[in-house]
Amino acid sequence: MNTAAQRTVVLLFGGRSSEHGISCVTAAGVLRAIDRERFAVIPVGITRTGATVLMREEDLEGFRLDAPQLPEVRDNGTRVLWPASTETRALTVIDQSGSLRSLGHVDAVLPMLHGPYGEDGTVQGMLDLVDLPYVGSGVLASALCMDKHAVKTVLADSGIAVAPWRTVTREQIAREPELIGRLDDGLSYPLFVKPARAGSSVGVSRVTDPAQLPAALETAFAEDRTVLVESGVSGREVEIAVLEGRGDEGPRTSSAIGEIVFTGREFYDFEAKYLGAAGVELALPADVTDAEFAAIRDAAVLAFEVTQCAGLARIDFFLTAEGPVLNEINTLPGFTPISMYPRLWAESGLGYTELITELIELAIAKRPAY
């Protein structure tokens, strides 16, 4: 039960994407660290089929990366109903017997969702419809940054360097199978074949020979009907954290940069990111010059503003001899205690609990979109 001094926050996690399990682990990390003197928490899970269920805090205790398998939101028979209009911010739950009860006023929603149906503007639009404040970017920025083709087009138009790429759909390949033989025209090997709208390196393949392209395309098409084929960029893989400014202040960046150092793995895939697979180390802080840091910081701030991001973003670059090349903007980055985004802020003097507080307060103070 919350006290008069507390705000009530809905912790929203799970979802229909292939990153469901990582979302659950992220939510559990947040739940363990959130400041309970400031915030009362309502854990709300979304099952793999889209049912929105009320969960108990103890249900999340076993949600850990070191568990035998990634966790999952199970359908417990409850249903959480969002406000019916902008006249209230109260949530309602239907219990297993069909009875209704109010969960009370909600001050903000903290979506810890990754991938489609959560990170892509869909949930954000639903919350906007009923005027519920939420952490993170709005509909436009969420959808734009989720679509690798669209965001690269916008970034390139703004003068931000991105890797050369081509985009292809499953329908184009079906109509013109010989197109596969031309997808690498003008691109440099190794190639990276990626679903346009997925995260956590799900569906991504590294291709070193044209004969590998068909299989890589099928892997990517399993996640999305639209796929990118990108030139590999020769450079160090570095990441910076961006946090929305207060009031009229501009975006803030972490004072540290992280680097993905490869010691035997070909790229930073799902297993390396989340399951502790060998062959990758994280250097924090990365050894960069003042000029390199400034170039990465400036490109990150410009990208955050150009794409109209809000709240938070982790922005990934290749640091080349010619300067930084932007790889991805993650509007709801991995947020477990050991994830790069909170670690970058911890290295910069803002701890995990304090970072969660700042994000919720930014959401509550956010100006209306219209």
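On a predicted model such as this, the values are computed, not experimentally measured, just so you know.

A. View of the overall build of the chain. Each helix and strand counted, the chain has 10 helices and 17 strands in total. Seen through its principal axes, the chain has C-alpha atoms that stretch 60 × 50 × 45 Å. When each of the 370 residues of the chain is scored for burial, the buried share is 53%. Of the contacts formed within the chain by residues at least 6 apart in sequence, a portion of 64% connects residues at least 24 apart. Looking at the chain as shown, the accessible area adds up to about 16,200 Å², and 50% of this sits on carbon and sulfur atoms.

B. Molecular detail of the packing of aromatic side chains. Under the counting rule described, the total for this entry stands at 2 aromatic pairs. Centre to centre, the rings of Phe-335 and Tyr-352 are 5.6 Å apart; their planes meet at 35°, and the pair counts as tilted. On the criterion of sequence distance, the pair formed by Phe-335 in the loop between strand 17 (323–330) and helix 9 (340–347) and Tyr-352 in helix 10 (residues 352–365) is long-range, its members being 17 residues apart. Phe-335 sits in the buried class, given a relative accessible area of 1%. On the basis of relative accessibility, which here comes to 15%, the residue Tyr-352 falls in the buried class. One aromatic cluster is present, formed by Phe-335, Tyr-341 and Tyr-352 through successive ring pairs. Over the ring of Tyr-117 we find Arg-16, and its NZ or CZ is 3.9 Å from the ring centre. We note Lys-366 situated over the ring of Tyr-134; from NZ or CZ to the ring centre the distance is 5.0 Å.

C. The pattern of salt bridges, seen in detail. Per the stated rule, a full pass over the model turns up 25 salt bridges. Put simply, Arg-74 and Glu-72 hold a salt bridge, and the shortest N to O gap is 3.5 Å. Look at Glu-72 and you get partly exposed, because its relative accessible area is 26%. Linking Lys-148 and Glu-328 is a salt bridge whose minimum nitrogen-to-oxygen distance equals 3.8 Å. Taken together, the residues Lys-148 in helix 4 (residues 148–157) and Glu-328 in strand 17 connect sequence positions 180 residues apart. The residues Lys-148 and Glu-328 share a single accessibility class, namely buried. Sharing partners across several salt bridges, the network here consists of Asp-35, Arg-38, Arg-246, Arg-252, Glu-358 and Glu-361.

D. Summary view of the sheet that holds strand 8 (residues 165–169). Judged by pairing direction, the sheet is antiparallel, and its 4 strands sit side by side in the order 8-11-9-10 without closing on themselves. Either end of the sheet is taken by a strand with one partner, and the two such strands are strand 8 and strand 10 (205–207). Each adjacent strand pair in this sheet contributes to an overall mean axis angle of 25°, direction not counted. Both strand 8 and strand 11 (residues 226–231) contribute to a ladder of 5 bridges, which runs antiparallel. Bridge pairing in strand 11 links Trp-165 to Glu-230. Most of the contacts of helix 6 (residues 213–221) go to strand 9 (residues 191–195), to which it runs at about 25°, and overall it touches strand 8, strand 9, strand 10 and strand 11.

E. Examining helix 10 more closely. The end-to-end C-alpha distance of helix 10 is 20 Å, a good match for the 20 Å that 14 residues give at a rise of 1.5 Å each. For helix 10, the set of buried residues is Tyr-352, Leu-355, Ile-356, Thr-357, Glu-358, Leu-359, Ile-360, Leu-362 and Ala-363.

F. Spatial organisation of the environment of Ala-150. Looking at the element boundaries, Ala-150 is found in helix 4. When its relative accessible area of 25% is taken as the criterion, Ala-150 is described as partly exposed. Sequence spacing of Ala-150 and Ala-196 is 46 residues, and the spatial spacing of their C-alpha atoms is 8.8 Å.

G. Region of the structure containing the UniProt feature "binding site: Mg(2+) 2" (unreviewed entry) in the chain. Here the UniProt feature "binding site: Mg(2+) 2" (unreviewed entry) sits at Glu-328 and Asn-330. Sequence-distant contacts of Glu-328, that is, excluding residues within four places in its chain, are made with Lys-148, Lys-194, Arg-314, Ile-315 and Asp-316. Turning to its location among the elements, Asn-330 is positioned in strand 17. In this structure Asn-330 touches Glu-119, Leu-312, Ala-313, Arg-314 and Asp-316, once residues within four positions along its chain are discounted.

H. How the structure looks around the packing of helix 1 (residues 20–33) against helix 10. Relative to each other, helix 1 and helix 10 sit at 100°, their axes nearing to 9 Å. In terms of orientation, helix 1 and helix 10 fall into the roughly perpendicular class. When helix 1 is examined against helix 10, the residues Thr-26, Gly-29, Val-30 and Ala-33 are found in contact with a partner set consisting of Tyr-352, Thr-353 and Ile-356.

Cut-offs applied
Residues numbered from 1 in each chain as written. Predicted model: local features only at pLDDT ≥ 70, side-chain atom pairs only at ≥ 80, totals over all residues. Heavy atoms only, no water. Helix = DSSP H or I, 4+ residues; strand = E, 2+ residues; numbered from the N terminus. Buried < 20%, exposed > 50% of the residue type's maximum accessible area, 1.4 Å probe, protein only. Contact = heavy atoms within 4.5 Å. Areas by Shrake-Rupley, 256 points an atom, 1.4 Å probe, with all protein chains shown as cover. Phe/Tyr/Trp six-rings, centres within 6.5 Å; stacked < 30°, edge-to-face > 60°. Lys NZ or Arg CZ within 6 Å of the ring centre and 35° of its normal. Salt bridge = Lys/Arg side-chain N within 4 Å of Asp/Glu carboxyl O. Pairing = 2+ DSSP bridges. Axes fitted to C-alpha atoms, helices over the stretch in contact; angles between N-to-C directions. Expected span 1.5 Å × (residues − 1). UniProt positions renumbered as here; feature names shortened; annotations may be inferred. Parallel < 35°, antiparallel > 145°, perpendicular 65-115°, else oblique.

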